[in-house]
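Breakdown of the fold
Here's the letter readout for the chains.
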Amino acid sequence: HTNNWPYSSSAEESPRRQDYPAYFDDNVENPRGVHAIRMFNGRTGFTRDSLIEAAFDSYQPEFALLLPRLLKAFDGLPASHPQRSTLQEPVARLRDWDYRWGVESVANTIAVFWGEDLWLRVRPEADKAGLSVYEFMETRATAGQQLASLAAAVARLTADFGTWRTPWGEVNRFQRISPAIVHPFDDRQPSIPVGFGSARWGSLASFGARAYPATKKWYGSSGNSFVAAVEFGERVSARAVTAGGLSSDPASAHFNDQAERYATGNLRDVYFYPDQLQGHTERTYRPGERR
């Protein structure tokens, strides 16, 4: 399951797009689906742990499509153009990047801020042309639009964080300080860095983060929530993680005790059998007993 279109969901056994009316689905294959095919198509022999490793693969295929066009636009600038000097170093960071997320990656920060700005910049034209924003960015976004978005990204990073040379983990954060449905995100309160990013750019481990009216940092509120890898055999073996913790009580030790695991993809063992629970049980309850 990748939130992708159905026409590549089961390889050669997938439904055929031509068998359905055009109105049935007017989307395109999204980058997360492209990444899933790259990681799983034709592969066998997965173990529980190798499946988790694949699910947290850091490649972002949409940037691999978009950034070469941006670099070409920059290389086409006249030597005397003012953007050559202001954008030269950010472009150099992007030119040397492998399109992978990571908490220390400055290039990932630049790429995400650029991509988000370009998305908003071209969306009205994409809608008018009857194209997805992905298609428009990949084929029709002009050199001027791409460079303007990069300049805007550099300016926003500098204004919000003091420098455009900001590692991704300084921007992309997980915070759980309240049980409220509408979480009161606060830059002054503790938060932790998250390496993986938005599914928009193809990350299988999805973390939908953004800035809020009173924040500069970006906080996640969508994407991966409960994640589990289960191996069936003579005994079930599983690892899992829940965003933050398993309690809605901020006073509980379990309110935020899975935050680091969640942010790093370090899933915990699932205690399924009675012998696995030994030494890990805080209390027991049987129906009918007073708690």
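Read on for an overview of the structure. (Residues numbered from 1 in each chain as written. Predicted model: local features only at pLDDT ≥ 70, side-chain atom pairs only at ≥ 80, totals over all residues. Heavy atoms only, no water.)

Here we take up the overall build of the protein. Counting its secondary structure elements, the protein contains ten helices and seven strands. Projected onto its principal axes, the C-alpha positions of the protein cover 80 × 55 × 35 Å. In the protein, 60% of the contacts between residues at least 6 apart in sequence involve partners at least 24 apart. Per element, the accessible surface of the protein, about 16500 Å² overall, is 51% carbon and sulfur. Here the protein holds 33 positive side-chain charges and 34 negative ones, and the gap between their average locations is 4 Å. (Helix = DSSP H or I, 4+ residues; strand = E, 2+ residues; numbered from the N terminus. Contact = heavy atoms within 4.5 Å. Areas by Shrake-Rupley, 256 points an atom, 1.4 Å probe, with all protein chains shown as cover. Lys, Arg positive; Asp, Glu negative; His and termini not counted. Charge placed at Lys NZ, Arg CZ, Asp CG, Glu CD.)

Glancing now at the sheet that holds strand E5 (residues 226-231). Read from one edge of the open sheet, three strands run E5-E6-E7, paired in antiparallel fashion. Edge strands, defined here as strands with exactly one partner in the open sheet, are E5 and strand E7 (268-269). Pairing analysis gives two bridges linking strand E6 (residues 237-242) to E7, with the strands arranged antiparallel. Across the sheet, residue Arg 239 finds its bridge partner in E7, namely Asp 269. Contacts from helix H2 (residues 48-55) reach E5, E6 and E7, with the element oriented near 30 degrees to E6. (Pairing = 2+ DSSP bridges. Axes fitted to C-alpha atoms, helices over the stretch in contact; angles between N-to-C directions.)

A few words on helix H7 (residues 143-161). The α-helix advances 3.6 residues per turn, and as a result positions three or four apart in sequence lie on the same side. If you check H7, its first and last C-alpha atoms are 27 Å apart, about what 19 residues at 1.5 Å a residue would give, namely 27 Å. Among the structural elements, helix H3 (61-75), helix H4 (82-95), helix H5 (106-129) and helix H6 (133-139) are those in contact with the buried residues of H7. Backbone geometry just after H7 places Gly 162 at a positive phi near 90 degrees. (Expected span 1.5 Å × (residues − 1).)

Moving on to the pattern of salt bridges. Here the structure, examined in full by the defined rule, presents twelve salt bridges. For Arg 16, the salt bridge identified is with Asp 19, shortest N-O distance 2.9 Å. Across the pair Asp 186 and Arg 188 runs a salt bridge whose closest N-O atoms are separated by 3.1 Å. Connected through shared salt-bridge partners, Arg 48, Asp 49 and Arg 239 make up one network. (Salt bridge = Lys/Arg side-chain N within 4 Å of Asp/Glu carboxyl O.)

As paired strands, E5 and E6 are joined by six bridges and run antiparallel to one another. Each residue of the ladder has a partner; that of Phe 226, found in E6, is Thr 242. Counted between consecutive antiparallel strands, the loop separating E5 from E6 contains five residues.

Before going further, it helps to examine the nonpolar core. Within the largest apolar cluster, 57 residues are counted, with the highest numbers of intra-cluster contacts made by Leu 67, Leu 94, Met 137 and Leu 150. The contacts of Leu 94, once residues within four sequence positions are left out, are Leu 67, Leu 70, Leu 71, Ala 107, Ile 110, Ala 111 and Leu 150. (Core = buried A, V, L, I, M, F, W, Y, C linked by side-chain atoms within 4.5 Å. Buried < 20%, exposed > 50% of the residue type's maximum accessible area, 1.4 Å probe, protein only.)

The subject of this paragraph is the packing of aromatic side chains. Following the criterion strictly, the structure yields 20 aromatic pairs and no others. Taking 5.6 Å as the distance between ring centres and 55 degrees as the angle between the ring planes, the aromatic pair formed by Phe 63 and Trp 97 counts as tilted. Placement of Phe 63 in helix H3 and of Trp 97 in the loop between H4 and H5 is noted, with a sequence separation of 34 residues between them. Of the two residues, Phe 63 and Trp 97, both sit in the buried class. (Phe/Tyr/Trp six-rings, centres within 6.5 Å; stacked < 30°, edge-to-face > 60°.)

With respect to the helices and strands, Thr 109 occurs in helix H5. Note on Thr 109: relative accessible area 0%, which makes it buried. Residues in contact with Thr 109, not counting those within four places in the same chain, are Leu 157, Thr 166, Pro 167, Trp 168 and Val 171. A polar atom in the side chain of Thr 109 sits 2.8 Å from the backbone oxygen of Thr 166. (Polar contact = N/O pair within 3.5 Å; in protein donor to acceptor, adjacent residues only side chain to side chain.)

Here we come to the side chain of Gln 258. Mapped onto the elements, Gln 258 comes out in the loop between E6 and helix H9 (259-264). Within the structure, Gln 258 has its side chain in polar contact with the backbone nitrogen of Thr 242 (distance 2.9 Å). Here Gln 258 is in contact with Val 241, Thr 242, Gly 244, Gly 245, Leu 246 and Arg 268, once residues within four sequence places are set aside.

The next point concerns the environment of Ile 37. Secondary-structure assignment places Ile 37 in helix H1 (residues 31-40). Each C-alpha atom, one on Ile 37 and one on Ser 10, is 9.6 Å from the other, the two residues being 27 residues apart in sequence. Residue contacts for Ile 37: discarding those within four places in its chain leaves Ser 8 and Glu 29.

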